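# Summary of structural features
Single-letter residue listing:
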Amino acid sequence: MNNRRFFSLNDYFKDKFNEKIYKVSLDGGFTCPNRDGKVATGGCLFCSESGSGDFAGNKTESINSQIEQQLNLIKDKFPTGKVIAYFQNFTNTYGEIKHLRKIFYEALAHERVIGIAIGTRPDCLPDEVLDLLSEINEKYFLWIELGLQTIDEKVIKIINRAYSTDVYIDAMKKLNLRNIKVVTHLILGLPEESKEGTFNAALLVAREKSWGIKLHSLHILKTTPLARYYEKQKFKVLTKEEYIEMIVDIIEVLPKDMVIHRLTGDGKSEDVIEPLWSLNKRDVLNRIEKELKNRNTHQGKKE
């Protein structure tokens, strides 16, 4: 770990590529089987109208055009470096294989793209998709993102995730067999989720050998079913102090080589109902670093 108390994505990029790498978020024009009726309707409770890709490109534009537009947004702070093309919103393996091949390779053809990241669901990885991902993985830098969020059966029903945890475990086995990197998402503060439940989910992610993890604070956004649920149920929202304590507890049990991609979440400020403390992302991250230092702890200490 050297002087690092946790192994961040920036640390990984510097170790692997010896330079800073940015991500550019793209919209591949997908929907989700949890929206179109294949497995359910309405989507996950917390998912926004844009499929939780509020900062992604415009799906009416080509992939190359979206990359150029996203690069233009960061040109002042990052004028020339390499980027990861991130297919972010909705389910980016839920489509015709011909379309998947076209857009993934279009992104990889851009001169500044060093690799791609693909957000999807573990129930949307049929063999033909896994074969395509293996093909890409052999030639390029690739990771897949899976939204696990929780392993508590009661909470799974509340958030309308619409697949069992066994499906995630099966997908992890298939992806690991193919040496495809996986980043698993967990949300802290879901309705009726206990601290123990969140901790157990993190332990499962570690056991299933996820390459990376994203830890999010729950955002109640105006554009989500969660907003209506919160209005009726008024469930308890984590305080900043509770969130920071849970994050540090989780960091301690994660394997030292697991890449931590995120320690808190983003939401458009005008859409966030709760928790308002999450809007000051820099303060949350600073407080996490301070708590790690105060405890004299680090990633993997209790692995």
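Residues numbered from 1 in each chain as written. Predicted model: local features only at pLDDT ≥ 70, side-chain atom pairs only at ≥ 80, totals over all residues. Heavy atoms only, no water.

## Details of unusual backbone geometry
Here the bond from Glu274 into Pro275 is cis, since omega is -10 degrees, no more than 30 degrees from zero. When you line up the elements, Pro275 lands in the loop between strand S9 (272–274) and helix H10 (281–295). Non-glycine residue Glu192 carries a positive phi angle of around 65 degrees. Within the chain, Lys234 stands out as a residue other than glycine whose phi angle is a positive 50 degrees. In this structure, Lys234 sits in the loop between helix H8 (225–233) and helix H9 (240–253). (Helix = DSSP H or I, 4+ residues; strand = E, 2+ residues; numbered from the N terminus.)

## Structural notes on the sheet that holds strand S4 (residues 141–149)
The parallel open sheet is built from 7 strands, whose spatial order is S1-S2-S3-S4-S5-S6-S8. The outermost strands of the open sheet, each flanked by one partner alone, are strand S1 (22–26) and strand S8 (259–262). This sheet shows a mean twist of 25 degrees between the axes of neighbouring strands, independent of strand direction. When S4 meets strand S5 (residues 181–188), the two strands line up parallel, connected through 6 bridges. Paired with Gln149 across the strands is Leu186, a residue of S5. (Pairing = 2+ DSSP bridges. Axes fitted to C-alpha atoms, helices over the stretch in contact; angles between N-to-C directions.)

## Let's talk about the packing of helix H2 (residues 63–73) against helix H3 (residues 97–108)
Relative orientation of the contacting elements H2 and H3 amounts to 40 degrees, with a least axis distance of 9 Å. Between H2 and H3, the crossing angle belongs to the class labelled oblique. When the axes of H2 and H3 are compared, the crossing they make is right-handed. Along the contact surface, H2 presents Ile63, Asn64 and Ile67, while H3 presents Ile103, Glu106 and Ala107. The residue inventory of the contact of H2 with H3, partitioned by class, reads 4 nonpolar, 1 polar and 1 charged. (Parallel < 35°, antiparallel > 145°, perpendicular 65-115°, else oblique. Left-handed = near helix turned anticlockwise from the far one by under 90°. Contact = heavy atoms within 4.5 Å. Nonpolar A, V, L, I, M, F, W, Y, C, P; charged D, E, K, R; others polar.)

## Comments concerning the nonpolar core
Counting residues in each nonpolar core, the largest one holds 67 residues, and the members touching the most others are Phe87, Phe104, Ile116, Leu146, Tyr168, Leu263 and Ile288. In terms of nonpolar packing, the next biggest core, distinct from the first, is built from 16 residues, Ile159, Leu226, Tyr229 and Tyr230 among them. (Core = buried A, V, L, I, M, F, W, Y, C linked by side-chain atoms within 4.5 Å. Buried < 20%, exposed > 50% of the residue type's maximum accessible area, 1.4 Å probe, protein only.)

## Observations regarding the pattern of salt bridges
Across all of its chains, the model carries 19 salt bridges by this definition. Residues Glu106 and Lys102 are paired through a salt bridge, measuring 3.6 Å at the closest nitrogen-oxygen approach. On the criterion of helical spacing, the pair formed by Glu106 and Lys102 is a turn pair, its members being 4 residues apart in helix H3. Lys240 is the salt-bridge partner of Asp283, the closest N and O atoms lying 2.4 Å from each other. In this pair, Asp283 is assigned in helix H10 and Lys240 in helix H9, connecting sequence segments 43 residues apart. When salt bridges with common partners are traced through the structure, they connect Lys195, Glu245, Asp249, Glu252, Glu291, Arg295 and Lys302 into a single cluster. (Salt bridge = Lys/Arg side-chain N within 4 Å of Asp/Glu carboxyl O.)

## Details of the side chain of His261
Considering the arrangement of structural elements, one finds His261 in strand S8. The residues touching His261, leaving out its near neighbours within four places in the chain, are Leu9, Trp143, Val183, Trp211, Gly212, Ile213 and Lys214.

## Re the side chain of Ser134
Mapped onto the elements of the fold, Ser134 is located in helix H4 (residues 127–139). Residue class for Ser134 comes out buried when judged on its relative accessible area of 13%. Excluding residues within four positions of it along the chain, Ser134 makes contact with Arg178 and Ile180.

## Some points on H3
Taking 1.5 Å as the rise per residue, H3 with 12 residues should run 16 Å; its terminal C-alpha atoms sit 16 Å apart, in good agreement. Among the residues making up H3, those that are buried are Leu100, Ile103, Phe104, Ala107 and Leu108. With its buried residues spanning 140 degrees around the axis, H3 presents them on a single face. For H3, the exposed residues lying more than 90 degrees away from the buried face are Lys98 and Lys102. Those residues of H3 that are buried lie in contact with S1, H2, strand S2 (83–87), strand S3 (113–120) and H4. (Expected span 1.5 Å × (residues − 1). Arc of directions from axis to C-beta.)

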